[in-house]
Every structure is written in C-alpha cells, then in structure tokens.
Amino acid sequence: MSSSKPKSVQTMKPETAAKKLGVLLSATPAEFREGVVSRDELNELQAKPPAWLVELRRNGPHPKQVVAAKLRVSVSGLIRGGITEPLTTAEIEALKAENPDWLEHEQAVQAETRKEAQRLKQR
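Scoring rules and cut-offs
- Residue positions are given per chain, counting from 1 as you read along its sequence in written order.
- Where totals are concerned, whole chains, interfaces and linings use all residues; where local detail is concerned, this predicted model gives features only for residues with pLDDT of at least 70, and gives and counts side-chain atom pairs only at 80 or more.
- Processing note: side-chain calculations cover all non-hydrogen atoms of the structure and skip hydrogens and water entirely.
- For Phe, Tyr and Trp, rings pair up if their centres lie within 6.5 Å, where Trp contributes its six-membered ring, and each pair is then called stacked (planes under 30 degrees apart), edge-to-face (over 60) or tilted (otherwise).
- Going along the chain from the N terminus, every DSSP run of H or I of four or more residues is numbered as a helix, and every run of E of two or more is numbered as a strand.
- Relative accessibility under 20% of the residue-type maximum defines a buried residue, over 50% an exposed one, and the middle range a partly exposed one, all with a 1.4 Å probe and only protein chains included.
- Put simply, a nonpolar core is a bunch of buried Ala, Val, Leu, Ile, Met, Phe, Trp, Tyr and Cys residues held in one set by side-chain atoms that sit within 4.5 Å of each other.
- By definition, residues are in contact when any of their heavy atoms lie within 4.5 Å.
- Angles run from 0 to 180 degrees between N-to-C directions of axes, and those axes are lines fitted to C-alpha atoms, restricted for helices to the stretch in contact.
- The cut-offs work like this: below 35 degrees is roughly parallel, past 145 is roughly antiparallel, 65 to 115 is roughly perpendicular, and the gaps in between are oblique.
- Throughout, a crossing is termed right-handed when the near helix is turned clockwise from the far one, and left-handed when it is turned anticlockwise from it by less than a right angle.
- Here the nonpolar group is Ala, Val, Leu, Ile, Met, Phe, Trp, Tyr, Cys and Pro; Asp, Glu, Lys and Arg are the charged ones; every other residue, Gly included, is treated as polar.

(A) Inspection of the packing of aromatic side chains at higher detail. Applying the stated criterion across every chain yields a total of one aromatic pair. For the pair Phe 32 and Trp 52, a centre-to-centre distance of 5.5 Å together with 55° between the ring planes defines the contact as tilted. One end of the pair, Phe 32, is in helix 2 (residues 30-33); the other, Trp 52, is in helix 4 (residues 51-59), and 20 residues separate them in sequence. With relative accessibility at 8%, the residue Phe 32 sits in the buried group.

(B) Structural view of the nonpolar core. Grouped together as the largest cluster of nonpolar side chains are 11 residues: Met 12, Ala 17, Ala 18, Leu 21, Val 23, Phe 32, Val 37, Leu 42, Leu 45, Leu 53 and Leu 56. A total of three residues in this core trace back to one element, the largest contributor, which is helix 1 (residues 14-21). With near-sequence residues (within four places) excluded, Leu 45 lies in contact with Leu 21, Phe 32, Pro 50, Trp 52 and Leu 53. Among the nonpolar cores identified, the runner-up in size contains 10 residues, and Val 67, Leu 71, Leu 95 and Leu 103 belong to it.

(C) Broad picture of the packing of helix 1 against helix 3 (residues 39-47). In contact at an axis separation of 11 Å, helix 1 and helix 3 are set at 30° when each is read in the N-to-C sense. Relative to helix 3, the element helix 1 lies roughly parallel. Relative to helix 3, the crossing made by helix 1 is right-handed. Counted together, Ala 17, Lys 20 and Leu 21 of helix 1 and Arg 39, Leu 42, Leu 45 and Gln 46 of helix 3 form the full contact between these two elements. Partitioned by chemical class, the residues of the contact of helix 1 with helix 3 number four nonpolar, one polar and two charged.

(D) Seen up close, the side chain of Gln 107. Residue position: Gln 107 is located in helix 8 (residues 101-121). Look at Gln 107 and you get buried, because its relative accessible area is 16%. Gln 107 has contacts with Leu 71, Arg 72, Val 73 and Asn 99, leaving out every residue within four places of it along the chain.

Scope: geometric values only; no functional claims are made or implied.
Written as structure tokens, this is what we have:
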C-alpha cells in the first residue's frame, strides 16, 4: 500500500511574483502586494493578464531591469547615467528622444558586451 503525499502548493512572495511579471511591486494593487502568489496564480496572470497588469506593462512605472532593457543598457549603465528611480513608458520615450551622451555611451558599451558574449559563445 503506497501513500502518496498530497501535492503541496508552491507559493512565492509578492516581490518575487512582481519581478517575474516584470512590474514594479509598489505599483501593483494592494491585494497583490499583501498576499502570497501561487505558481498557478502566476501562470494565470501571465496567460490572461488582468487590466491592471496590462496597464502596468504598457505604461509603467517600470522596474530598473525593464527600464534598462527598453533603453538597451545595463542596470549598472542606468545607475552611472543617474537613473535610480522607476520610469514610465513616456519618460523612457522622452529619454530616448533626448538621447543624452551618457545613454549613447552606455548603449555602445552594452552592444559591445553583447557582441563579445556572442563571440565567446560561438567558440
């Protein structure tokens, strides 16, 4: 006779779930921030995002990892450029249009880093 244990539900902190969803935790609804998120709930949010998640992904504010990706720089490059706070999509677009010297420099550094990583991967 084999007794199989009931499958335990995997949960994560809201901070972890927000990071996996690519959104800023402080911008999420209170019910999201105050609870725990199961793996199934996370999968559901990814598959069928509610309106608040669609809006956050579209307009922000975005966490630094997302800001860095949208600007094609590293997170360190953002910090060197003086960007330490979350930005909205409009602020990111304005920064791209302005194209300050630091942004151009950090994009070149990031492009070179990616090129070198690709070269090493092909060895």
